[in-house]
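# Remarks on the overall topology
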Amino acid sequence: CAGLQSFTEDFLTAWVRGWLQKTGRRKVRLSGGVFMNVKLNKAIGELPEVDDLFVFPSCGDETNSIGAAWAFLEDRGLGKYIDSLKTLYLGPDPSETEYRNAADRARDLGWTVSMPSDLEETMAELLSQGQVVARATGREEFGARALGNRSILADPIRPDVIKTINKAIKSRDFWMPFAPSILSEHADRYVHNPKKFSAPYMILAFDSQNGQEVKAACHPEDATIRPQIVSQKDNPRYHRLIELFQRKTGRGAILNTSLNIHGEPIVSKPDDAIDVMQRSGLLHLALGPYLISKPDCLGR
């Protein structure tokens, strides 16, 4: 696997460099499944010929078709109609009825269901105490990365949460690294990004800074980091949650991994989130306006 990774990086960085030299351009736009490989993206971004790098989130074949549509417009002189990508929160937005029915199901399972007056404040407090809290609210994310609306969250300074999430919730291998969601205002504190690439989608990797503060969200071997840089305009409520966590702990980042059991799709509907909670060791779930907790963890 290490040899294959090395070959992939060598081959594709040479390919990108060749095209840049041929065209004289210095801005790179990439899509396609191989560019889910964030270490490859890091190597491409570090090429001296690259001034700007954008990798289309969820780089499968479906995003190649979007790039083809943009190329079609550009080739016909219609580039003025091409707008930049604004958001990846493009999926279903559950209704109040769906949230309420899922909350009723949680009560039937014997779990505690509340509606805190300030849900983000309550979540930030739980996270600061070392609890793992899932969040399923608002529009679902498009693609393979959970960007806060279908996520499992934790304090990134605590290496012990890695075992908790992997063994009790995700049922995945110990070596698979997690990623952080970082306040845009604090990005330079944690991410070495000298070319100032935009990184809101967990698709680019960088060397980390102040790695001990986000140790659980860095790669355990080389301390690289695959961040979601969160701005207030992109996701106001998620940004506020991280901001409240920062006020309590001094850390402007939280560990974020997808809300699912390994090998299964990321949850979509509220009932899906209840299924994951029922089948795993997940103890806290922020579901729409509700906070759902299993009784055996209350007061901890």
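A brief structural summary. Computed from a prediction, not measured in an experiment: that's the story for all the values here.

Bringing the overall build of the protein into the picture now. Tallying secondary structure elements over the protein gives nine helices and 13 strands in all. For 300 residues, the compact-globule estimate of 2.2 N^0.38 gives 19 Å, and the protein sits close to it at 20 Å. Counting every position in the protein, which comprises 300 residues, the buried fraction comes to 48%. For the protein, long-range pairs separated by at least 24 residues make up 69% of all intrachain contacts whose partners lie at least 6 apart in sequence. Surface summary for the protein: the accessible area is close to 14,500 Å², and the carbon and sulfur share equals 53%. In the protein, the 38 positive side-chain charges and the 38 negative ones have mean positions that sit 2 Å from each other.

On the surface, a nonpolar cluster with roughly 610 Å² of combined accessible area is contributed by L4, F7, F11, W15 and W19. Among the structural elements, F11 can be located in helix α1 (residues 2-23).

Summed over the entire model, instances satisfying the criterion amount to three cavities of 30 Å³ or more. Each pocket or cavity is described by its volume, and for the largest cavity that value is around 40 Å³. Taken together, L53, F54, V55, S198, A199, P200, Y201, I203 and L204 form the lining of the largest cavity. For the lining of the largest cavity, a count of residues per class yields eight nonpolar, one polar and no charged.

Whenever strands of a sheet pair, they do so through backbone hydrogen bonds, lying parallel or antiparallel. Read from one edge of the open sheet, three strands run β7-β8-β9, paired in antiparallel fashion. Unpaired on one side and paired on the other, β7 (191-192) and β9 (224-225) mark the two borders of the sheet.

Another aspect to go through is the pattern of salt bridges. Here the structure, examined in full by the defined rule, presents 22 salt bridges. Here D271 makes a salt bridge to R105, at a shortest N to O gap of 3.3 Å. Of this pair, D271 sits in helix α9 (residues 270-279) while R105 sits in helix α4 (residues 96-108); the two residues are 166 residues apart in sequence, bridging distant segments of the chain. For D271, a relative accessible area of 38% translates into the label partly exposed. For K233, the salt bridge is made with D234, and the minimal N-O distance between the two is 3.3 Å. It is possible to trace a salt-bridge network through shared partners that takes in D118, E120, R237 and R240.

A word on the packing of aromatic side chains. Overall, the coordinates contain three aromatic pairs when judged by the stated rule. Relative to F11, the ring of F7 lies with its centre 5.8 Å away and its plane at 25°, an arrangement referred to as stacked. Of this pair, F7 and F11 are both found in helix α1, four residues apart, which corresponds to roughly one turn of the helix. Members of the aromatic cluster, each reached through a chain of ring pairs, are F54, F56 and W70.

This paragraph deals with the layout of surface pockets. In this structure, the largest pocket encloses a volume near 1,200 Å³. Elements with a minimum of two residues in the lining of the largest pocket: α1, β1 (27-30), β2 (52-55) and α3 (61-75). The leading source of residues in the lining of the largest pocket is α3, at six residues. Looking at side-chain class alone, the lining of the largest pocket contains 17 nonpolar, seven polar and seven charged residues. Put simply, the second largest pocket is a space of about 700 Å³. Along the wall of the second largest pocket there are 29 residues; nearest its centre are R145, R172, M176, P177 and R226. Elements supplying a minimum of two residues to the lining of the second largest pocket: α2 (38-45), β9 and β11 (253-258). Considering every element that reaches the lining of the second largest pocket, the biggest residue donor is β11, with three residues. When the residues that make up the lining of the second largest pocket are grouped by side-chain class, the tally is 14 nonpolar, ten polar and five charged.

Right, let's talk about the sheet that holds strand β5 (residues 150-154) for a bit. Strand order in the open sheet formed by eight strands is β3-β13-β12-β4-β5-β11-β6-β10, with mixed pairing between adjacent strands. Every interior strand has two partners, whereas the edge strands, β3 (112-114) and β10 (228-230), have only one. Pairwise comparison of adjacent strand axes, ignoring direction, gives a mean angle of 25° for this sheet. Across the sheet, helix α5 (residues 119-128) is in contact with β4 (133-136), β5, β12 (284-287) and β13 (290-293); its angle to β4 comes to roughly 150°.

A few words now on the packing of α5 against helix α8 (residues 236-249). Relative to each other, α5 and α8 sit at 45°, their axes nearing to 9 Å. With respect to α8, the axis of α5 lies oblique. Crossing of α5 over α8 shows right-handed handedness. Contact residues: α5 offers L119, E120, E121, M123, A124, E125, L127 and S128, while α8 offers R237, R240, L241, L244, F245, K248 and T249. The residue makeup of the contact of α5 with α8, split by class, is seven nonpolar, two polar and six charged.

The rules behind the values
Residues numbered from 1 in each chain as written. Predicted model: local features only at pLDDT ≥ 70, side-chain atom pairs only at ≥ 80, totals over all residues. Heavy atoms only, no water. Helix = DSSP H or I, 4+ residues; strand = E, 2+ residues; numbered from the N terminus. Rg over C-alpha atoms; globule rule 2.2 N^0.38 Å. Buried < 20%, exposed > 50% of the residue type's maximum accessible area, 1.4 Å probe, protein only. Contact = heavy atoms within 4.5 Å. Areas by Shrake-Rupley, 256 points an atom, 1.4 Å probe, with all protein chains shown as cover. Lys, Arg positive; Asp, Glu negative; His and termini not counted. Charge placed at Lys NZ, Arg CZ, Asp CG, Glu CD. Patch = residues over 30% accessible without salt bridge, like charges linked within 9 Å, V, L, I, M, F, W, Y side chains within 5 Å. Salt bridge = Lys/Arg side-chain N within 4 Å of Asp/Glu carboxyl O. 1 Å grid on protein atoms, 1.4 Å probe; cavity = no way out; pocket = protein on both sides within 12 Å on 5 of 7 lines; lining within 4 Å. Points joined across faces, edges and corners; volume = space filled by probe spheres on them. Nonpolar A, V, L, I, M, F, W, Y, C, P; charged D, E, K, R; others polar. Pairing = 2+ DSSP bridges. Phe/Tyr/Trp six-rings, centres within 6.5 Å; stacked < 30°, edge-to-face > 60°. Axes fitted to C-alpha atoms, helices over the stretch in contact; angles between N-to-C directions. Parallel < 35°, antiparallel > 145°, perpendicular 65-115°, else oblique. Left-handed = near helix turned anticlockwise from the far one by under 90°.

Keep in mind these numbers describe shape, not what the thing actually does.
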